[in-house]
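Residues per chain are reported as follows:
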Amino acid sequence: MEDSRIAIPIGTTLDRFIKSKEEEFQYATGELSQLLRDIALAGKVVNREINKAGLINIVGAIGTQNVQGEEQQKLDVLANIRFTRALTKGGEACAVISEEDDEIVDLNNDGKYVIAIDPLDGSSNIDVNVSIGTIFSIYRRVTPAGSPIQDIDVLQKGEEQVAAGYLLYGSSTMLVYTTGHGVNGFTYEPSLGEYFLSHADMSVPEDGNIYSVNEGSFKSFQEPVKAYIEYCKDNRYSGRYIGSLVADFHRNLLKGGIYIYPATAKDKNGKLRLMYECNALAFIVEQAGGLASTGKERILSVQPTELHQRVPLFIGSKKMVEKAISYFS
Ligand code: P6P
């Protein structure tokens, strides 16, 4: 379908951009806009807390673990509260699934949208001042508004997403999202409290020479993964691994590259979660002309069976992902 991509000038505010694009969204116009505004607002608040982290002693672990058994950092919990609160106030979301909550969190039962979110990915980097991110997916509920939320509302394939995006809290804070009509990036100006369009209609270079993988686990990788990494070395690619998925993904989106988190001895299905990490980035990368695969299956086609299920992830430039997964066949 020919996209009616209206050229929106760089520097346009997020609010004006969302408004100007409403006719591209197949559902009621104001609903998605409200959701995106809720997420953008929570992102401003989390950004402020991250930037002050070292000063007001909110860095570090709080001695609890999330459903993944991972040490919860103070900012993880704060970010989860902020995003859940913003989505509750906005009223459009009926449920949230989050890395930080074991179960589905019911919000406004009359809401028509389900949000899957990793409120603060890469949180282990908080204490060492490395970029971290928020990743979110937006789905339309399947059951009628007002009825109890059911698994079929939440366990939807990534291809059912109506929107997805991430916030990157880096040297500058950015919001990058898609509603299925291309990918656009907004840079946050804290002094004005506004996000401004800085990266219009983003596309990932079809090929690249940057590969992102934790080679410390190399010995436990499957043979096809080892073979592809050797191919990268033989071709003198650059290894770049920040240990923060959103930061690695964003660099690869701009410059071309591939990020790999494969099955390892420790994580038989890889470490990354399908519902609130892989699906959102897979939607974005496909909209930007790239690919996202488990190594055997398109990420967006995977039928979820559990809230927190993990999948192997190969994501980035089309030709690099194609080359990597060719070793599996
Ligand atoms: P490892 C952070 O915990 C994360 O989920 C991603 O942001 C990051 O790419 C990956 O895990 C790092 O995991 O096992 O390489 O330290």
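Residues numbered from 1 in each chain as written. Predicted model: local features only at pLDDT ≥ 70, side-chain atom pairs only at ≥ 80, totals over all residues. Heavy atoms only, no water.

Visitor: An account of the domain arrangement of the protein chain is requested, with residue identities and associated values reported.
Guide: Taken as a whole, the protein chain is organised into domain 1 (14-199) and domain 2 (210-326). Here domain 1 and domain 2 have C-alpha centroids that lie 22 Å from each other. Each side of the interface is counted separately: domain 1 has 48 residues, and domain 2 has 33 residues. Each partner contributes to the roughly 2900 Å² buried at the junction of domain 1 and domain 2, and carbon and sulfur atoms together form 62% of this total. The largest per-residue losses of area from domain 1 upon contact with domain 2 belong to I135, L155 and Y166, which jointly make up 21% of the total buried on that side. Viewed at the interface, domain 2 and domain 1 are joined by 2 salt bridges. In this structure, R273 engages E99 in a salt bridge whose closest nitrogen and oxygen atoms are separated by 1.8 Å. At the junction of domain 1 and domain 2, the tally comes to 17 residue pairs in polar contact (both at pLDDT 80 or more). (Domains from an automatic or database assignment. Contact = heavy atoms within 4.5 Å. Buried area = accessible area lost by both parts, 1.4 Å probe. Salt bridge = Lys/Arg side-chain N within 4 Å of Asp/Glu carboxyl O. Polar contact = N/O pair within 3.5 Å; in protein donor to acceptor, adjacent residues only side chain to side chain.)

Visitor: Describe in detail the environment of I115, supporting the description with residues and values.
Guide: Within the fold, I115 resides in strand 5 (residues 113-121). Separated by 125 residues in the primary sequence, I115 and R240 place their C-alpha atoms 31 Å from one another. (Helix = DSSP H or I, 4+ residues; strand = E, 2+ residues; numbered from the N terminus.)

Visitor: How would you sum up empty space enclosed by the protein? Please name residues and give values.
Guide: Overall, the coordinates contain 2 cavities of 30 Å³ or more when judged by the stated rule. Approximately 40 Å³ is the volume found for the second largest cavity. Lining the second largest cavity are V204, F249, N252, L253, Y259, V285, I315 and G316. Only helix 6 (245-255) and strand 15 (313-316) provide two or more residues apiece to the lining of the second largest cavity. When residues in the lining of the second largest cavity are grouped by element, the largest group, 3 residues, is from helix 6. The residue inventory of the lining of the second largest cavity, partitioned by class, reads 6 nonpolar, 2 polar and no charged. (1 Å grid on protein atoms, 1.4 Å probe; cavity = no way out; pocket = protein on both sides within 12 Å on 5 of 7 lines; lining within 4 Å. Points joined across faces, edges and corners; volume = space filled by probe spheres on them. Nonpolar A, V, L, I, M, F, W, Y, C, P; charged D, E, K, R; others polar.)

Visitor: Outline the site of the ligand, supporting the account with residue identities and numerical values.
Guide: Taken together, D121, G122, N214, Y241, G243, S244, L245, Y259, Y261, K271, L272 and E277 make up the full set of residues adjacent to the ligand. One of the side-chain N or O atoms of N214 is found 2.9 Å from an oxygen atom in the ligand. Within the contact set of the ligand, an oxygen atom lies 2.6 Å away from a side-chain nitrogen or oxygen of Y261. Computed on the free molecule, the ligand has an accessible area of 400 Å², of which 81% lies beneath the protein chains in the complex. Assessed atom by atom at 2 Å from the grid points, the ligand resides in the largest pocket. (Near = heavy atom within 4 Å. Areas by Shrake-Rupley, 256 points an atom, 1.4 Å probe, with all protein chains shown as cover. Sits in = over half its atoms within 2 Å of the grid points.)

Visitor: Break down the pattern of salt bridges for me, citing the residues and quoting the values.
Guide: Here the structure, examined in full by the defined rule, presents 15 salt bridges. A salt bridge links D248 to R251; its shortest N-O distance comes to 3.1 Å. Of this pair, D248 and R251 are both found in helix 6, 3 residues apart, which corresponds to roughly one turn of the helix. For R298, the salt bridge is made with E286, and the minimal N-O distance between the two is 2.8 Å. Of this pair, R298 sits in the loop between strand 14 (291-293) and strand 15 while E286 sits in helix 7 (residues 274-287), placing them 12 residues apart in sequence. Given a relative accessible area of 34%, R298 falls into the partly exposed group. Judged by relative accessible area, E286 falls into the partly exposed class, the value being 25%. Within the structure, one salt-bridge network assembled from shared partners comprises E31, K112 and R140. (Buried < 20%, exposed > 50% of the residue type's maximum accessible area, 1.4 Å probe, protein only.)

Visitor: So, the layout of surface pockets: which residues are in play, and what are the values?
Guide: In this structure, the largest pocket encloses a volume near 430 Å³. When contributions to the lining of the largest pocket are tallied by element, the ones reaching two or more residues are strand 2 (71-73), strand 5 and strand 13 (258-261). Looking at which element gives the most residues to the lining of the largest pocket, the answer is strand 5, with 3 residues. Residues of the lining of the largest pocket, tallied by class, amount to 6 nonpolar, 9 polar and 9 charged. Each of domain 1 (14-199) and domain 2 (210-326) accounts for three or more of the residues forming the lining of the largest pocket.

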